[in-house]
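Structural overview
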Amino acid sequence: MKQLRLGVLAALFAGAGVLSWAGARLWESFGTLPSVPLAAPIVLAVIAAILTATALSLRSRLKAQRERRPGAKGVEPLMAARAVVFGQASALVAALVGGMYGGTGVYLLGSLDIPARRDQAIYAGFSVLAGIAVIAAALFLERVCKLPEDGDEGNGSSGAGRAHA
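Residues numbered from 1 in each chain as written. Predicted model: local features only at pLDDT ≥ 70, side-chain atom pairs only at ≥ 80, totals over all residues. Heavy atoms only, no water.

1. Examining the overall build of the protein chain
For the protein chain, the helix and strand inventory stands at four helices and zero strands. If you list the helices and strands of the protein chain from N to C, you get α-α-α-α. Across the 165 residues that make up the protein chain, the buried fraction comes to 33%. For the protein chain, long-range pairs separated by at least 24 residues make up 77% of all intrachain contacts whose partners lie at least 6 apart in sequence. Entry remark: accessible area of the protein chain is about 10,500 Å², with carbon and sulfur atoms responsible for 65%. (Helix = DSSP H or I, 4+ residues; strand = E, 2+ residues; numbered from the N terminus. Buried < 20%, exposed > 50% of the residue type's maximum accessible area, 1.4 Å probe, protein only. Contact = heavy atoms within 4.5 Å. Areas by Shrake-Rupley, 256 points an atom, 1.4 Å probe, with all protein chains shown as cover.)

This is how it looks when you write it as structure tokens:
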């Protein structure tokens, strides 16, 4: 499984933002602009909270397992892999959604004197912040679940490293 690259996430965010800004300009020329839902930042914040809670839980369980505490509940490798895949997928979607709402929010900055547009710009801004929180939580989860490299203490790479002759 490959590690998330911040550059890829930034490129997705920027690309979605530019396309969304251009789409908002085009849509506005034909009629009304679609609204930014109030639920968008809330849903992204909930996903960020779930990812953070999962990372903290796995980190404490892995620490207890490394310290060989009696009664420590270990972490199954498949469960950790599923958590990382969920985090990576969430980060990719959050980059796209955050960029989309970011582009719409930038377009809405030109009409902040209209109360409805101002509210939409605020929702878009909070959506971008919540999307960044999802990305940060996903990167933290990925870091927590990363296998130790060859030469690290414990040498518990489970055969994922190079074979030594």
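There is more to say, and it comes next.
2. Topic: the environment of Glu 142
With respect to the secondary-structure elements, Glu 142 resides in helix H4 (residues 115–144). A sequence separation of 87 residues divides Glu 142 from Ala 55, and the C-alpha atoms of the two residues are 8.1 Å apart.

3. Considering the pattern of salt bridges
Between side chains of opposite charge, pairing is possible as soon as their charged atoms come close. If you walk through the whole model with that rule in mind, you get one salt bridge. Arg 117 is paired through a salt bridge with Glu 28; the nearest N and O atoms lie 2.9 Å apart. One end of the pair, Arg 117, is in helix H4; the other, Glu 28, is in helix H1 (residues 6–30), with 89 residues separating them in the sequence. Owing to a relative accessible area of 19%, Arg 117 belongs among the buried residues under this scheme. (Salt bridge = Lys/Arg side-chain N within 4 Å of Asp/Glu carboxyl O.)

4. Considering helix H2 (residues 39–66)
At 3.6 residues per turn, the α-helix brings residues three or four places apart onto the same side. Here H2 contains 28 residues, and its C-alpha end-to-end distance of 40 Å stays within 8% of the 40 Å for a straight helix at 1.5 Å per residue. Along H2, the residues that are buried comprise Ala 40, Pro 41, Leu 44, Ala 48, Leu 51, Ala 55, Leu 58, Arg 61 and Ala 64. Its buried side turned inward, H2 meets helix H3 (77–108) and H4. Remark: Arg 68 follows H2 within two positions and exhibits a positive phi of approximately 55 degrees. (Expected span 1.5 Å × (residues − 1).)

5. Structural notes on the nonpolar core
With 22 residues, the main nonpolar core has Leu 58 and Leu 141 as its most contacted residues. Those elements that place two or more of their residues in this core are H2, H3 and H4. Broken down by element, the residue count for this core peaks at seven residues, all from H4. Not counting residues within four places of it along the chain, the set of residues in contact with Leu 141 comprises Leu 51, Thr 54, Ala 55, Leu 58, Ala 83, Val 84 and Gly 87. (Core = buried A, V, L, I, M, F, W, Y, C linked by side-chain atoms within 4.5 Å.)

6. Structural notes on a nonpolar patch on the surface
A surface patch of nonpolar side chains, amounting to about 450 Å² of accessible area, comprises Leu 38, Ile 42, Val 46, Ile 50 and Phe 86. With three residues, H2 is the single largest residue contributor to the nonpolar patch. Among the secondary structure elements, Phe 86 is positioned in helix H3. (Patch = residues over 30% accessible without salt bridge, like charges linked within 9 Å, V, L, I, M, F, W, Y side chains within 5 Å.)

7. Quick look at a positive patch on the surface
Taken together, the side chains of Arg 59, Lys 63, Arg 66 and Arg 143 make up a positively charged region of the molecular surface. Of all the elements, H2 adds the most residues to the positive patch, at three residues. (Lys, Arg positive; Asp, Glu negative; His and termini not counted. Charge placed at Lys NZ, Arg CZ, Asp CG, Glu CD.)

8. Overview of the environment of Ala 10
Relative to the helices and strands, Ala 10 resides in helix H1. As for Ala 10 and Leu 92, which are separated by 82 residues in sequence, their C-alpha atoms are 9.8 Å apart.

9. Points about the packing of H3 against H4
For any two helices packed against each other, one specifies the crossing angle of their axes together with the interaxial distance. As a packed pair, H3 and H4 sit with axes 8 Å apart at the nearest point and diverge in direction by 155 degrees. By the criterion of interaxial angle, the relationship of H3 to H4 is roughly antiparallel. Handedness of the crossing formed by H3 with H4: left-handed. The class makeup of the residues in the contact of H3 with H4 is 15 nonpolar, nine polar and two charged. (Axes fitted to C-alpha atoms, helices over the stretch in contact; angles between N-to-C directions. Parallel < 35°, antiparallel > 145°, perpendicular 65-115°, else oblique. Left-handed = near helix turned anticlockwise from the far one by under 90°. Nonpolar A, V, L, I, M, F, W, Y, C, P; charged D, E, K, R; others polar.)

10. A few points about the confidence of the model for the protein chain
Low pLDDT marks regions whose predicted coordinates should not be analysed in detail. With 87% of its residues at a pLDDT of at least 70, the protein chain reaches an overall mean of 84. The spread of mean pLDDT over the elements of the protein chain runs between H2, the lowest at 90, and H4, the highest at 93. pLDDT under 50 marks residues 150–165. Its contacts with residues more than four places away, or in other chains, come to 10 contacts. (pLDDT = per-residue confidence, 0-100.)

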